Every structure is written in C-alpha cells, then in structure tokens.
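Coordinate inspection notes
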Amino acid sequence: MAYQHILVPVDGSEISFSAVRHAAKIAKAFGGQLSLISLIAEDPFTEADFYYSSSIMKEYFVQAHANAKNALKEATAIAATEGIEAQSRIVTGLVNAEHIAKTADEVKADLIVMGSHGRKGFQKMILGSFAQDVLGASEIPVLIVKK
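Just so it is clear, the model here is predicted, and its values are computed rather than measured.

Things to note about the nonpolar core
The nonpolar side chains of soluble globular proteins are, as a tendency, buried together. Of all hydrophobic cores here, the largest spans 24 residues; its most connected members are Ile6, Val8, Val10, Val20, Leu34, Leu36 and Val113. Elements that contribute at least two residues to this core include exactly β1 (5-9), α1 (14-30), β2 (33-41), α2 (54-81) and β4 (111-115). A per-element tally of this core places α1 first, with eight residues. Ignoring sequence-local partners within four residues, the contact set of Leu34 consists of Ile6, Val8, Ala23, Ala24, Ala79, Ile84, Ala86 and Gln87.

If you want it as structure tokens, here you go:
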C-alpha cells in the first residue's frame, strides 16, 4: 500500500519529533504529503470543580499557542531535513483520540504516525495510553513510533 497523505500529531516531545522523522521518510518513499498538527484544548478546565478568571484562560491560550507554534516549527524543519515540505496547523478543540481521528478524516490522511511515550504499570493506569486510544478511534492505519 502506498501512503499518499500522512498525519502526525506533534506535542513538542522528542518522541513526537521521532514520529515526524519516520513519517517524512515514508512520505518521501511513496511521494506522499505530510500534515503536522498540534492540538490545543479549547477549555482545559472543563472538568474542573472551581471557577477561573478570563485572565487565566488568556495566559493559557497565549502559552499554549506559543508552545504549539514552536513544536510545529521544529517538526517542519525536521521534515525538511528529510526532503519533505510539510503542512502544519494548530487544531483547537478537544485533545483526545477522537479529535485526531476526525482531523485525519478532514485532511483525507491515509496513515497516522505518532509517538508513544511507552508508559507502563501505574503511570499507564493513571495516565492511560493516548496512542492506544488513537488506534481504537481511527479507521485508518496508525503507526506507533517508540524511539
């Protein structure tokens, strides 16, 4: 199967940048395109049981957008070193597996490549496995990069 459009969620971690490297190599091999996204929660305090001020939200959005822009800039540079010109964008909404699967559908991706932090034991039980959730939510293949 030749992958023509690969989606890579980027969170600024080394493992997400490793996923970009892998995806860029695949895109280059198949002559495909690469889309990089960074997810930002619209309201990170949705489930909070306290009230917060709009200044807290403004500060959160300013910092979240700056972090996402920096991560996407670095990811785009990584793809360029592999000879691939990647499209990148910030996606706001819910930061969950379903949102990644929905974005993959919107951009008509035929492969998702993402990093896995490899949490085990208690950490996995408490924090869950985001990569595993994407596997369950996606109707297209998902390649999990661990290094």
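Here the narrative resumes.
Some thoughts on the sheet that holds β2
Spatial strand order, β3-β2-β1-β4-β5: five strands in an open sheet with parallel pairing. Two strands lie at the open edges of the sheet, namely β3 (87-93) and β5 (142-145), each paired on one side alone. The average angle at which neighbouring strand axes cross in this sheet is 25°, direction not considered. Bridge analysis of β4 against β5 gives four bridges, and the strand direction is parallel. Within the sheet, the bridge partner assigned to Met114 lies in β5 and is Ile144. Helix α5 (residues 130-137) contacts β4 and β5 of the sheet and is inclined by roughly 170° relative to β4.

So, the pattern of salt bridges
Taken as a whole and assessed by the stated rule, the structure comprises two salt bridges. Of the charged contacts, one joins Glu106 and Arg89 as a salt bridge, the two residues approaching to 3.8 Å between their closest N and O atoms. Of this pair, Glu106 sits in helix α3 (residues 97-106) while Arg89 sits in strand β3, and the two are 17 residues apart along the sequence. Owing to a relative accessible area of 47%, Glu106 belongs among the partly exposed residues under this scheme. For Arg89, a relative accessible area of 37% puts it in the partly exposed group.

Criteria and thresholds
- Residues numbered from 1 in each chain as written.
- Predicted model: local features only at pLDDT ≥ 70, side-chain atom pairs only at ≥ 80, totals over all residues.
- Heavy atoms only, no water.
- Core = buried A, V, L, I, M, F, W, Y, C linked by side-chain atoms within 4.5 Å.
- Buried < 20%, exposed > 50% of the residue type's maximum accessible area, 1.4 Å probe, protein only.
- Helix = DSSP H or I, 4+ residues; strand = E, 2+ residues; numbered from the N terminus.
- Contact = heavy atoms within 4.5 Å.
- Pairing = 2+ DSSP bridges.
- Axes fitted to C-alpha atoms, helices over the stretch in contact; angles between N-to-C directions.
- Salt bridge = Lys/Arg side-chain N within 4 Å of Asp/Glu carboxyl O.

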